[in-house]
Amino acid sequence: MTTDRSDRRGTDHHGHDIIDPLYVGIVTVSSSRAQSDEEDPDDPGGDTIQECFEAEGHEIQERLLVRDDYSSIRTAVRGLVARRDIDAVVTTGGTGVTVDDVSPEATASLFERELPGFGERFRALSWEEIGTRAIASRATAGIAVDTPVFCIPGSTGACRTACEELIVPEAPHLAGLATSHRKETTDQSLAAYGDEE
């Protein structure tokens, strides 16, 4: 059973808005897995993301598996960010440089605000692990419909690095900030602005 976001809103030890626990949606991008005849295809990237969030007390609300296809990815992410029971979305896979790696383009098309620092820091961390191959990663993040969205590679190592080092520690704060304008649920009257006669 889900708890309304307003009941999960609070502040951290610095007084910053947070949503905790987070309700998360995961989108795994893989044509081979999406087209598999298996009822429950192998999804190590999605499993790693789920494990990282749950280890910190957050909850996974939805896991989707889609093809390496712009429209499929965009539709899946758009559907998740529109839900009131989803506070953050993570996509895994499709961030490389092959012709079918379109996750960054599909997700970024939904962003109202980009978070360039995420991709920059992720590539810096990846450089320490895999060297020059880090430049092939096009990991990105942004805010779509007041929801933080992270687009990361499909390898379990990349998923763990991104989640443990960046996403899980910061997503509650980003979700709190992105939805802070929703805290007040009552309408303001003109009297509050001195315009009432």
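A brief report on the enclosed structure follows. (Residues numbered from 1 in each chain as written. Predicted model: local features only at pLDDT ≥ 70, side-chain atom pairs only at ≥ 80, totals over all residues. Heavy atoms only, no water.)

1. With respect to the overall build of the protein
Under the convention used in this document: The secondary structure listing takes helices from DSSP runs of H or I that are at least 4 residues long and strands from runs of E that are at least 2 residues long, numbered from the N terminus. The buried label applies to any residue whose accessible area, calculated with a 1.4 Å probe on protein chains only, is under 20% of its type's maximum; exposed applies above 50%, and partly exposed to all values in between. Any two residues whose heavy atoms approach within 4.5 Å at even a single point are treated as in contact. Surface exposure here means Shrake-Rupley accessible area, sampled with a 1.4 Å probe, where a residue is shielded only by the protein chains that are shown.
From N to C terminus, the protein includes 7 helices and 8 strands. The buried share of the protein, reckoned over its 197 residues, is 45%. Pairs at least 24 apart in sequence give 73% of the contacts found in the protein among residues at least 6 apart. For the protein, the accessible area works out to roughly 10400 Å², and carbon and sulfur atoms hold 47% of it.

2. A word on the packing of helix α6 (residues 116–130) against helix α7 (residues 156–178)
A pair of packed helices can be characterised by two numbers: the angle between their axes and the separation between those axes. To keep things clear, this is the line we draw: Lines fitted to the C-alpha atoms define the axes, with helices restricted to the stretch that makes contact. Angles between their N-to-C directions range from 0 to 180 degrees. In this scheme, roughly parallel covers angles under 35 degrees and roughly antiparallel covers those over 145, while 65 to 115 is roughly perpendicular and the rest are oblique. In a left-handed crossing the near helix is turned counterclockwise from the far helix by less than a right angle, and in a right-handed crossing that turn is clockwise. For this scheme, ten residues count as nonpolar: Ala, Val, Leu, Ile, Met, Phe, Trp, Tyr, Cys and Pro. Four count as charged, namely Asp, Glu, Lys and Arg, and the remainder, Gly too, count as polar.
Relative to each other, α6 and α7 sit at 125°, their axes nearing to 10 Å. In terms of their interaxial angle, α6 and α7 are classed as oblique. With respect to the hand of their crossing, α6 and α7 are arranged in right-handed fashion. Across from Phe118, Arg121, Phe122, Leu125 and Glu129 in α6, the residues of α7 making contact are Gly157, Ala158, Thr161, Ala162, Glu165, Leu166 and Ile167. The residue makeup of the contact of α6 with α7, split by class, is 7 nonpolar, 2 polar and 3 charged.

3. What about the packing of aromatic side chains?
The cut-off we apply is this: Put simply, two rings from Phe, Tyr or Trp (the six-membered ring, in Trp's case) pair if the centres are within 6.5 Å, and we call them stacked under 30 degrees between planes, edge-to-face over 60, tilted for the rest.
All told, the structure shown has 2 aromatic pairs when counted by the stated rule. Taking the centre distance of 6.3 Å and the plane angle of 15° together, the rings of Phe118 and Phe122 count as stacked. Linking Phe118 with Phe122, this pair stays in helix α6, spanning 4 residues, or about one helical turn. Each member of the pair Phe118 and Phe122 is classed as buried.

4. Structural notes on the side chain of Thr92
In this fold, Thr92 is placed in strand β5 (residues 88–92). You can call Thr92 buried: its relative accessible area is 1%. The residues contacting Thr92, other than those within four sequence positions of it, are Val27, Thr28, Val29, Gly45, Gly46, Ile49, Ile152, Pro153, Gly154 and Cys159.

5. Quick word on unusual backbone geometry
Omega for the peptide link from Asp20 to Pro21 comes to 5°, which places this bond in the cis form. Here Pro21 shows up in the loop between β2 (17–19) and β3 (23–29). One non-glycine residue with positive phi stands out, namely Val145, at about 50°. Tracing the chain through its elements places Val145 in the loop between β7 (140–144) and β8 (147–152). Look at Val145 and you get partly exposed, because its relative accessible area is 38%. Phi angles above zero are rare outside glycine, and Asp146 is one such case at about 60°. Tracing the backbone through its elements, the reader meets Asp146 in the loop between β7 and β8. Classification of Asp146 by relative accessible area gives buried; the value is 14%.

6. A closer look at the pattern of salt bridges
Definition in use: Just to be clear on terms, a salt bridge is a Lys or Arg side-chain nitrogen sitting within 4 Å of an Asp or Glu carboxyl oxygen.
Tallied over the full model, the rule gives 11 salt bridges. Between Arg63 and Asp43 there is a salt bridge; the shortest N-O distance is 2.7 Å. Here the residue Arg63 occupies a position in strand β4 (residues 59–66), and Asp43 occupies one in the loop between α2 (31–34) and α3 (44–55), the gap between them amounting to 20 residues. Among the residues examined, Asp43 registers a relative accessible area of 10% and is labelled buried. Of the charged contacts, one joins Arg83 and Glu62 as a salt bridge, the two residues approaching to 2.8 Å between their closest N and O atoms. Remark: Glu62 occurs in strand β4 and Arg83 occurs in the loop between α4 (70–81) and β5; sequence separation between them is 21 residues. Residue classification places Glu62 among the partly exposed residues on the basis of a relative accessible area of 27%.

7. Description of the nonpolar core
Note on soluble globular proteins: their nonpolar side chains tend to be buried together. To keep it simple, the criterion reads: Here, nonpolar core means buried Ala, Val, Leu, Ile, Met, Phe, Trp, Tyr and Cys residues that are tied together by side-chain atoms lying within 4.5 Å of each other.
Of all hydrophobic cores here, the largest spans 26 residues; its most connected members are Ile49, Phe53, Phe118, Phe150, Ile152, Cys163 and Ile167. Elements supplying a minimum of two residues to this core: β3, α3, α6, β8 and α7. Considering each element in turn, this core owes the most residues, 10 residues, to α7. Residue contacts for Phe150: discarding those within four places in its chain leaves Val89, Val90, Thr91, Phe118, Thr140, Ala141, Ile167, Ala171 and Leu174.

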